[in-house]
Protein chains: 2
Amino acid sequence: MEHLSVAAAQRCVLESVKSLGIESVKLEQSLGRALAGDILANRDQPPYDVSAMDGFALRGADVENAPAVLAIIEDIKAGDMPTKLLAAGQCARIMIGAPVPQGADAVIRVEDTQAVSDTQVQINCAVKLGNDIRLRGESMCKGDVVLHAGTEITPGVAGLLAMVKRAEVSVYRQPRVAILSTGDELEGLNDPFDANKIPDANSYALMAQVQTLGIQPVLLGIALDNPDELHRALQSGLQYDVLLVSGGTSVGVHDYVRPTLEALGVQMKFWRVEMKPGHPVAFGITANTFVFGLPGNPVSSMVCFEQFVLPALRRMMGHVRIYRRTIAARLTHDVKHKHSRAEFVRVMLSKEENGYAVISTGAQGSGMLSSMAEADGLMVVPAASKGLAADSRVTVQLLDGTAFQNDAGGEW
Amino acid sequence: MEHLSVAAAQRCVLESVKSLGIESVKLEQSLGRALAGDILANRDQPPYDVSAMDGFALRGADVENAPAVLAIIEDIKAGDMPTKLLAAGQCARIMIGAPVPQGADAVIRVEDTQAVSDTQVQINCAVKLGNDIRLRGESMCKGDVVLHAGTEITPGVAGLLAMVKRAEVSVYRQPRVAILSTGDELEGLNDPFDANKIPDANSYALMAQVQTLGIQPVLLGIALDNPDELHRALQSGLQYDVLLVSGGTSVGVHDYVRPTLEALGVQMKFWRVEMKPGHPVAFGITANTFVFGLPGNPVSSMVCFEQFVLPALRRMMGHVRIYRRTIAARLTHDVKHKHSRAEFVRVMLSKEENGYAVISTGAQGSGMLSSMAEADGLMVVPAASKGLAADSRVTVQLLDGTAFQNDAGGEW
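Residues numbered from 1 in each chain as written. Chains lettered and ligands numbered in written order. Predicted model: local features only at pLDDT ≥ 70, side-chain atom pairs only at ≥ 80, totals over all residues.

Undergrad: Just give me the short version of the overall build of chain A, but keep the residues and values in it.
TA: Scanning chain A for helices and strands turns up seven helices and 28 strands. Compactness check: chain A gives a C-alpha radius of gyration of 30 Å against a globular reference of 22 Å for 412 residues, more than 25% above the reference. For chain A, the spread of C-alpha atoms along the three principal axes comes to 95 × 50 × 40 Å. Counting the 412 residues in chain A, one finds 55% classified as buried. (Helix = DSSP H or I, 4+ residues; strand = E, 2+ residues; numbered from the N terminus. Rg over C-alpha atoms; globule rule 2.2 N^0.38 Å. Buried ≥ 20, exposed ≤ 12 C-beta atoms within 10 Å, placed from the backbone.)

Here it is in structure tokens:
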């Protein structure tokens, strides 16, 4: 239990958690959830050969020696069914997505034709067999597995689910998450101002971190540092799938969180990890609840959330991708590292010719919540590092606000 | 208007849109919104000098020749106020976050001490002045601007807002977005199965794309391709800030969308962009509504959304970062490019030693919605490209599902 590395602590957490039960949700409410089962195609798609262009359906042999004038026998738009068989010398005006008539073996786009009369068109060039025809079943055939269990419902997946007519989708249930702050010094968000108190930032930073995963947590408020009140508050927190407690997990004689959790039957798996910030981070389990004891300091608490709580919640949600995406980037300055803990440095990213440059947000004191507000990511300084020199390639965990940037990335 | 590049079309859109009005929302509902004004600190933070460690507050001069034994005169925990002045030879047991007593000028962590008795402790090493003390106002001083207007509310920002006691936050209003699909061939999600129809995937893919921005769009359903019905449906769509119409914008004689929009007073800015997929994409404005005419094909429609609608919606929401993040990565195969349109290739990313490798999702036919479901990003092939060779550095726009990965990125 001594000198537990971040990786070992992550393994300890992830060995304990698994996906929760399954529920059915409407497609409209399914974004970000993980599919609980494979999804099969319910029909061929397209259901028949369709035109990929606005133009003319024709017989390729008729235009081998183009230009050639063909007789227009029919207008077919998307949603119509053709009524006539195409014979030699004939064509049909056809719209994108419309069924290709029998007898036709290619489509030519309108730009490569020239109107002759209402009933005749000149085709300007020859076409290959099958040109601009999307074949029946090209996208999917009935019975095909179009999406596998565990797939995250992104916009493209939502489109595919609509394509196979899934108005309701079977997904893994989301964990119910409770958040509790502890400490006599704390002032609640709606409490009157007291100059000697410290506002409870932790509850809301953690709330927002949970919300980024699409989960609406329950805020249990602030528990004072006394055994009776903590007992009541923690007991109510143990009714949830996941309980996040911030504060009260350090080694001080006034910290009642750990003994109270143990008295409530929580089996503590660890209470220290070799990391900075975040050294005093604890994890325990009961039959139904995973408990994370997070540091009272908001930056430390947020960093610990990213390393341990986030992948656990993602796994409980049934996701395969459970970690924040990391990128390799160029460090722009030296970083000292004199201890043997993995360090998570709040950094900003800026574009440069061959990727991203990394610069510290500045003061890394764990009280500096503004550093977390400014950060694009957390740069990892491995425990074994003896310091990083400018121009090193470093690993950065991308934080939530980094999905967007302020330029298009180029002119195309 | 001919041969409009993607960049020029983006400029055309973004010159027209600006942030909407301002509204007040609860902090609990504010994630992802942009602040409408600067946020000032309402107090010094910390409100007094506090200990950064569990340990002992002392006078540095007393332990210059450590080890030294000091008398413990008080226990101070977070939330307490010290009651005694520290004199020479004295110390106070202090908890992380607790106020440093008058007379003390440093804190030493408990690990560097040794208990002697209940009232005495041995200090094992000398400490620098100010050691492990967080000074009053170190994080923020009353009146400081702690967050600037336009800042996106991420978890770190939410924590800071709680720190300055903002239970309600002034943010830019979200656009109200309506989505309409058009086409006689379409079958609604809740319509009975008809083997000859094409399911309406567009409405739901677009819905989910809008949802990724934190906006809940209104689905107007499917309008048939006849002027009266289109007129009614488009008119109701023009009651929203943004109307997304898919289908019906190509050049075919049966496309009534553009003339109907014009009849309804929509001033069309463009209806073609030199891109693939997505050539027939239109943009128009009225006094109150921005109208995007998107291709009927779901992949094309989604790609056009990413390039034009997403940055417009982000700008309307008051954000500074309005484009999807792009990364540079290594292409693993040749890509042909024989036309003069910018191409957006659906690709998957995989980690390699120095960054990401890029591989096409395979068939890029615009009917292949599965390619969008599998994609981590859109690789851009610029309009002027003559093709890309394997090992080229390419630009990839990261899509929504790429915030997470399936490994931690390293062992730390």
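Undergrad: I'd love a proper account of unusual backbone geometry, names of residues and values included.
TA: Residues and elements named next belong to chain A. The omega angle of the peptide bond from Q45 to P46 is -5 degrees, so this bond is cis rather than trans. Tracing the sequence through the fold places P46 in the loop between β2 (39-40) and β3 (50-51). The phi angle at K165 is positive, at roughly 60 degrees, despite the residue not being glycine. Mapped onto the elements of the fold, K165 is located in the loop between α2 (155-163) and β12 (168-172). Note on K165: 20 C-beta atoms within 10 Å, which makes it buried. Phi angles above zero are rare outside glycine, and D391 is one such case at about 75 degrees.

Undergrad: So what's going on with the nonpolar core? Which residues, and what values?
TA: By size, the foremost hydrophobic cluster in this structure holds 200 residues, and its most contacted members are A158, L244 and V396 of chain A together with A158, L244 and V396 of chain B. Sequence-distant contacts of A158 of chain A, defined by excluding residues within four places in its chain, comprise L27, S30, L31 and I153 of chain A together with Y204, A205, M207 and A208 of chain B. Counting 27 residues, the second-largest nonpolar core is a separate cluster that includes M53, A92, A98 and V107 of chain B. (Core = buried A, V, L, I, M, F, W, Y, C linked by C-beta atoms within 7 Å. Contact = placed C-beta atoms within 7 Å.)

Undergrad: Can you explain the confidence of the model for chain A? Please cite residues and give values.
TA: Overall, the prediction assigns chain A a mean pLDDT of 93, with 97% of residues at 70 or greater. Reported confidences for the modelled complex are a pTM of 0.92 and an ipTM of 0.91. (pLDDT = per-residue confidence, 0-100.)

Undergrad: Mind laying out the interface of chain B and chain A, listing which residues take part and the relevant values?
TA: Taken together, the contacts link 105 residues of chain B with 105 residues of chain A. Class assignment of the residues belonging to the side of chain B that touches chain A gives a composition of 52 nonpolar, 33 polar and 20 charged. Pairing of strand β22 (residues 323-324) of chain A with strand β28 (residues 404-405) of chain B involves two bridges; the strand directions are antiparallel. The residue bridging R324 of chain A from the neighbouring strand is F404 of chain B, located in β28 of chain B. (Nonpolar A, V, L, I, M, F, W, Y, C, P; charged D, E, K, R; others polar. Pairing = 2+ DSSP bridges.)

Undergrad: Can you break down the sheet that holds strand β4 (residues 55-58) of chain A residue by residue, with the values?
TA: All names here are of chain A. An order of β7-β4-β6-β5-β9-β8 is seen for the six strands of this open sheet, with the pairing classed as mixed. Only two strands of the sheet have a single partner each, and these edge strands are β7 (106-109) and β8 (113-117). This sheet shows a mean twist of 40 degrees between the axes of neighbouring strands, independent of strand direction. One ladder, built from three bridges, connects β4 with strand β6 (residues 90-94); its direction is antiparallel. In the sheet register, A57 faces β6, and the bridge partner there is A92. (Axes fitted to C-alpha atoms, helices over the stretch in contact; angles between N-to-C directions.)

Undergrad: How would you summarise helix α4 (residues 227-237) of chain A if you had to cite specific residues and measurements?
TA: Residue and element names in this part refer to chain A. If you check which residues of α4 are buried, you get L230, A233, L234 and G237. Buried residues of α4 fall within an arc of 95 degrees about the axis and therefore sit on the same side. Among the exposed residues of α4, those pointing more than 90 degrees away from its buried face are D228 and R232. The elements touched by buried residues of α4 are β13 (177-182), β16 (218-223), β17 (242-246) and α5 (257-263). (Arc of directions from axis to C-beta.)

Undergrad: Got a sec to walk through the relation of the copies chain B and chain A? Specific residues and values, please.
TA: For the pair chain B and chain A, the superposition axis carries a translation of 0.0 Å, the fit reaches an RMSD of 0.1 Å, and the rotation angle comes to 180 degrees. Read as a symmetry element, the transformation amounts to a two-fold axis. For chain B, the minimum C-alpha distance to the rotation axis belongs to A403 of chain B and amounts to 3.7 Å. (Least-squares fit on C-alpha atoms with pLDDT ≥ 70 in both.)

Undergrad: So, the sheet that holds strand β7 (residues 106-109) of chain B: which residues are in play, and what are the values?
TA: Residues and elements named next belong to chain B. If you trace the six strands from one edge of the open sheet to the other, you get β7-β4-β6-β5-β9-β8, paired in mixed fashion. Because the sheet does not close on itself, it has two edges, and the strands there are β7 and β8 (113-117). Each strand axis lies, on average, 40 degrees off the axis of its neighbour in the sheet, ignoring direction. Relative to strand β9 (residues 120-123), strand β5 (residues 68-76) is paired through four bridges, and the arrangement is antiparallel. Looking at β9, one finds that V69 is bridged to Q122.

Undergrad: Give me the lowdown on the environment of F56 of chain A, citing residues and values where you can.
TA: Residues and elements named next belong to chain A. Along the chain, the position of F56 falls in strand β4. Distance in space between the C-alpha atoms of F56 and S19 is 53 Å, their sequence separation being 37 residues. Ignoring anything within four residues of it in the chain, the contact list for F56 reads C91, A92, R93, I94, V107, I108, T113, V121 and I123.

Undergrad: Pulling in residues and values, what's your account of the packing of helix α3 (residues 202-211) of chain B against helix α6 (residues 298-316) of chain B?
TA: Residue and element names in this part refer to chain B. Contact geometry for α3 and α6: axes closest at 9 Å, N-to-C directions at 25 degrees. It follows that α3 is roughly parallel to α6 by the angle criterion. Taken as a pair, α3 and α6 cross one another with a handedness that is right-handed. Residue-level contacts link N202, A205, L206 and Q209 of α3 to P298, S301, M302 and F305 of α6. A breakdown of the residues in the contact of α3 with α6 according to their chemical character gives five nonpolar, three polar and no charged. (Parallel < 35°, antiparallel > 145°, perpendicular 65-115°, else oblique. Left-handed = near helix turned anticlockwise from the far one by under 90°.)

Undergrad: Would you mind going over the pairing of strand β25 (residues 355-360) of chain B in detail, with residue names and values included?
TA: Walk down a regular strand and you will see the side chains alternate between the two sheet faces. Residue and element names in this part refer to chain B. Summarising the sheet, strand β23 (residues 326-331) and β25 pair through two bridges and their orientation is parallel. If you follow R330 over to β25, its bridge partner there is A357. Here strand β24 (residues 342-352) pairs with β25 via six bridges, running antiparallel. Opposite K351, over in β25, you have Y356 as the bridge partner.

Undergrad: Any details on helix α1 (residues 6-16) of chain B? Residues and values, ideally.
TA: Residue and element names in this part refer to chain B. Regarding α1, the residues found buried are V6, A9, Q10 and V13. Projected onto a plane normal to the axis of α1, the buried residues spread over an arc of 100 degrees and lie on a single side. Against β18 (267-270), β19 (275-276), β20 (282-285), α6 and β24 lie the buried residues of α1.

Undergrad: Tell me about the packing of helix α3 (residues 202-211) of chain A against helix α2 (residues 155-163) of chain B, and name the residues and values.
TA: Helix-helix packing is characterised by the crossing angle of the two axes and by the distance between the axes. Relative to each other, α3 of chain A and α2 of chain B sit at 155 degrees, their axes nearing to 7 Å. What the angle tells us is that α3 of chain A and α2 of chain B run roughly antiparallel. Here α3 of chain A and α2 of chain B pass one another in a crossing that is right-handed. Of the residues in α2 of chain B, those touching α3 of chain A at Y204, A205, M207, A208 and Q209 of chain A are P155, G156, A158, G159 and A162 of chain B. By residue class, the composition of the contact of α3 of chain A with α2 of chain B is seven nonpolar, three polar and no charged.

Undergrad: Hey, could you go over the environment of A36 of chain B for me, with residue numbers and the actual values?
TA: Residue and element names in this part refer to chain B. By the secondary structure assignment, A36 is in the loop between β1 (22-26) and β2 (39-40). On the basis of neighbour counts, which here come to 18 C-beta atoms within 10 Å, the residue A36 falls in the partly exposed class. On a C-alpha basis, the gap between A36 and L186 in space is 41 Å, while along the polypeptide they are 150 residues apart. Contact partners of A36, with chain neighbours within four places excluded, come to I22, A149, S170, V171, Y172 and G318.

Undergrad: Help me get a handle on the environment of L230 of chain A, residues and values and all.
TA: Residue and element names in this part refer to chain A. Topologically, L230 is positioned in helix α4. In this structure L230 comes out as buried when scored by C-beta crowding, with 24 C-beta atoms within 10 Å. Apart from residues lying up to four places away in sequence, L230 is in contact with T182, A223, Y256, V257 and T260.

Undergrad: How would you summarise the pairing of β6 of chain A if you had to cite specific residues and measurements?
TA: Residues and elements named next belong to chain A. For β6, the buried fraction is high: five of the five residues fall into the buried class. Here five bridges tie strand β5 (residues 68-76) to β6, and the two strands are oriented parallel to one another. Paired with I72 across the strands is C91, a residue of β6.

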